[in-house]
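# What the coordinates show
The lines below spell out each chain.
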Amino acid sequence: MTDYLITNCQIYRPFQPSDSKFYQVRIRDEKIVSIEENGATLGDNKIKKFDAKGRTLAPSFKDSHIHFLRYSLMKNERDLRRISKWKHLKEELKNQNEKEALKHNEWLVGRGLMDDSFTDRDTLLTAKDLDSLNIDHPIFLLHQDGHECVLNTQALDLLDKEALRKKTLEEFIEKDESGNWNGRFKDTAVHFIKMNFRNKSTQQAEEALRDGLPHIAEVGITHIDSDDLNYVGDYAKVWKAYSKIDKDGELTCDAYLHHYVYDIDDMKYYLKNFDKRTGDGEGHVRVGAFKIFVDGTYRLHTAAMNLPYVDSGDCGTLIYDQEILNKMLQLAEDNNMQVAMHCIGDRAVETAAKAIINANPNESNPLRHRIIHMQNTRWDLLSLISKAKIPIETQPGFLIKEYDNYKEWLGEDREKLVQVGQSLVDNDVIFSASSDAPIGPLNPLEHIYASANRTNYQGEPKGGWQPQEIMSVDHAFESYCATPTYINHSDSYTGRLLPGYNADLILLEEHPNECPKEELHNLKVDNVWHRGKLVYDRYN
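Residues numbered from 1 in each chain as written. Predicted model: local features only at pLDDT ≥ 70, side-chain atom pairs only at ≥ 80, totals over all residues. Heavy atoms only, no water.

## Side note on the overall build of the protein chain
Spelled out, the test is: Helix and strand assignments follow DSSP, with helices taken as H or I runs no shorter than four residues and strands as E runs no shorter than two, numbered in order from the N terminus. Here the globule rule is a power law, 2.2 Å times the number of residues to the power 0.38, and the radius of gyration is based on C-alpha atoms. Type-normalised accessible area, obtained with a 1.4 Å probe on protein chains alone, sets the label of each residue: buried when under 20%, exposed when over 50%, and partly exposed for intermediate values. Note on contacts: a residue pair is in contact if any heavy atoms of the two residues lie within 4.5 Å. Accessible areas in this description were obtained via Shrake-Rupley with a 1.4 Å probe; residue shielding takes into account the shown protein chains only.
Check the secondary structure of the protein chain and you find 18 helices and 23 strands. Expected size for 540 residues packed as a compact globule is a radius of gyration near 24 Å; at 23 Å, the protein chain falls within 12% of this value. For the protein chain, the spread of C-alpha atoms along the principal axes amounts to about 80 × 55 × 50 Å. When burial is assessed residue by residue, the protein chain has 60% of its 540 residues classed as buried. Across the protein chain, the fraction of contacts at a sequence separation of at least 24, relative to all contacts at a separation of at least 6, is 73%. When the accessible area of the protein chain is evaluated, it comes to approximately 21700 Å², of which 45% is carbon and sulfur surface.

## Comments concerning empty space enclosed by the protein
This is how the line gets drawn: Think of a 1 Å grid over the protein atoms and nothing else: a 1.4 Å probe that fits but is trapped marks a cavity, an open set flanked by protein within 12 Å on at least five of seven lines marks a pocket, and residues with an atom within 4 Å of a point count as lining. Grid points are joined across faces, edges and corners, and a volume is the space filled by probe spheres set on the points.
According to the stated counting rule, one finds two cavities of 30 Å³ or more in the structure shown. One number sums up the size of the largest cavity: a volume of about 100 Å³. Along the wall of the largest cavity there are 15 residues; nearest its centre are P396, V420, G421, S451 and M471. Sorting the residues of the lining of the largest cavity by element identifies β20 (431–433) and α16 (444–453) as the ones contributing at least two each. Taken as a whole, the second largest cavity encloses approximately 30 Å³ of empty space. As for the second largest cavity, its lining consists of H373, M374, I392, T394, Q419, V420 and L424.

## Quick notes on the pattern of salt bridges
So the rule is basically this: A carboxyl oxygen of Asp or Glu within 4 Å of a side-chain nitrogen of Lys or Arg is what we treat as a salt bridge.
Evaluated as defined, the whole model comprises 36 salt bridges. Measuring nitrogen to oxygen at the nearest pair gives 2.2 Å for the salt bridge that ties R210 to E250. Of this pair, R210 sits in helix α8 (residues 202–218) while E250 sits in the loop between α9 (235–247) and β14 (254–260), placing them 40 residues apart in sequence. The class of R210 is partly exposed, set by a relative accessible area of 23%. Exposure remark for E250: the relative accessible area of 41% places this residue in the partly exposed category. Put simply, K276 and E282 hold a salt bridge, and the shortest N to O gap is 3.3 Å. With a relative accessible area of 24%, K276 lands in the partly exposed category. By sharing partners, the salt bridges in this structure join D115, D116, D145, E148, R184 and R299 into a single network.

## Some words on the packing of helix α12 (residues 346–359) against helix α13 (residues 379–388)
Heads up, the rule is: Axis definition: a line fitted to C-alpha atoms, limited for helices to the stretch in contact. Angles are taken between N-to-C directions and run from 0 to 180 degrees. Note on angle classes: values under 35 degrees are labelled roughly parallel, values over 145 roughly antiparallel, values of 65 to 115 roughly perpendicular, and the remainder oblique. Handedness of a crossing is defined here by the sense of rotation of the near helix relative to the far one, left-handed for an anticlockwise turn of less than a right angle and right-handed for a clockwise turn. Side-chain classes are defined by residue name, with Ala, Val, Leu, Ile, Met, Phe, Trp, Tyr, Cys and Pro counting as nonpolar, Asp, Glu, Lys and Arg as charged, and the others, Gly among them, as polar.
Running from amino to carboxyl end, α12 crosses α13 at an angle of 25°, the nearest separation of the two axes being 11 Å. By the angle between their directions, the pair α12 and α13 is classed as roughly parallel. Both α12 and α13 take part in a crossing whose hand is left-handed. Note on element contacts: α13 touches α12 through L381, L384, I385 and A388, opposite D346, V349, E350, A353 and I357. A class-by-class count of the residues in the contact of α12 with α13 yields seven nonpolar, no polar and two charged.

## Brief notes about the side chain of H258
The criterion, for reference: Under the rule applied, a polar contact is a pair of N or O atoms within 3.5 Å (in protein, one hydrogen donor and one hydrogen acceptor; residues adjacent in sequence only if both atoms are side-chain atoms).
Among the structural elements, H258 can be located in strand β14. A distance of 2.9 Å separates the side chain of H258 from the backbone nitrogen of A289, its partner in a polar contact. Not counting residues within four places of it along the chain, the set of residues in contact with H258 comprises D225, S226, D227, Y235, G288, A289, K291, A340 and R370.

## Side note on the packing of α16 against helix α17 (residues 473–481)
Between α16 and α17, the shortest axis-to-axis distance is 9 Å and the interhelical angle comes to 140°. Along this stretch, α16 crosses α17, giving a crossing that reads as right-handed. Contacts between α16 and α17 pair P444, L445, H447, I448, S451 and A452 from the former with V473, A476, F477 and Y480 from the latter. Taken together, the residues of the contact of α16 with α17 break down into eight nonpolar, two polar and no charged.

## Some details on the state of the cysteines
What counts, and what does not: Two cysteine sulfur atoms make up a disulfide if the distance between them is within 2.5 Å.
Evaluated as defined, the whole model comprises zero disulfides. Between C9, a cysteine without a disulfide, and C481, which holds the nearest cysteine sulfur, the sulfur-to-sulfur distance is 15 Å. Residue C9 is classed as buried on the basis of its relative accessible area, which comes to 0%.

## Here's the deal with the pairing of strand β17 (residues 339–343)
Rules: Two strands pair if DSSP finds at least two bridges between them.
The buried count for β17 comes to five of five residues, which makes it a mostly enclosed element. Burial along β17 is two-sided: the face carrying V339, M341 and C343 and the face carrying A340 and H342 are both buried. Pairing geometry for strand β16 (residues 285–293) and β17, over four bridges, is parallel. Note that in β17 the partner of F290 across the bridge is V339.

## Some remarks on the side chain of H147
With respect to the element layout, H147 can be found in the loop between β9 (139–143) and β10 (148–151). Side-chain polar atoms of H147 contact the side chain of D187, separated by 2.7 Å.

Written as structure tokens, this is what we have:
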């Protein structure tokens, strides 16, 4: 293969001293083979060159927690994120609703609903409200955070209610004063509905993914760990959709595909019917982890807490007790399958950590089972997690919109251990940053901004929310470039700008340590290379 040379670039490696020198980086067969000062002998005058024009070359971003198919599907479904009134929602849903519904297998679908913030009503929407629109199609509206939905009666009539009851907790099915289902569902009930009644075909999934790929390339992402099963309902379909794009030479990232499971029977079904295990695959498509929801979310107060919420007095919901979760982790461990567990509250985090330790007490987490979110923690948990080498997947960008709610929910003392940053560094916790898109912002630089500033984009609160948790730009970049590869066991060959590593690179318009940290979210990615192939050029 002909060598490829990136010339006239500065180099950014987190924690490495920067200098004013300019370098040339040689790429061959998808790998970085050398990094030399400008002017070194090329040996081949016909080598293909790319002039970086003094800009900064860095390792590309790896998103360790994303719902990429859901993100990609949103362009074909009603985006409700900007709607703040019931009056406006009614107008939106009734606007050419039949044409839209027919595009989606007779369903009218809206995503990004935030009816808890509507300014013209005090109650949440129910099936009766949607029925009043007189739309002759099933309606499914999903909340922005993905943990709550509302259906009309026509959609409710399609549900297999007995199957739903078997797969979720009764408290996640909301009822009216008479005890009848009112059309609202939470947490695992939402996942069941998405998986069983909102399925996309392999072709629809493939088309959506192709549409979404330019978006992740534009922000410098060349690796995703994606949880997509809820939107297709069949892991084989997910695998086939990604693999087809890869075989066509159009997959611009490495994709590790998670398998969402409700219970141990789902895990057994996968192990019996699929021979691939975590890390197995072909080309750029690999098996990810079993995805398990251990609790819910702060907003609904279903995140499992050790102490009660200040404003409600309850402690949230632990979906699995310790014994059941131990069995699920043990089955995964025995079959070489990694597990990624959604845990918001400290009680959920503790339960998950104990299950990981129990699965292999003689080694420190060799499969690198991971905990997603850990939005609330304790000092003893940080010590436990660090000792057990359990990676934490954080989403720093969440705090930009949520920070002013934590005190109301948890109180002044406990909010100090919400969305921690520098405390992870100080306690030697392995952590990655990720988007959770479309729930969080897709752009990694927005999350890096949040880690380094802990403010919104207007600089509020001044000095940063919980400023003791502000981390360095280098730590923030490392969590988005290198740590995700550790979680995937690919850290020996990707995630760093070094000879012998994959040429997964981004060209930034400015050096991260020279860019004012208040402007990090505006820093532009000019070019992106995945395995040595140029997949994005901002100027072309």
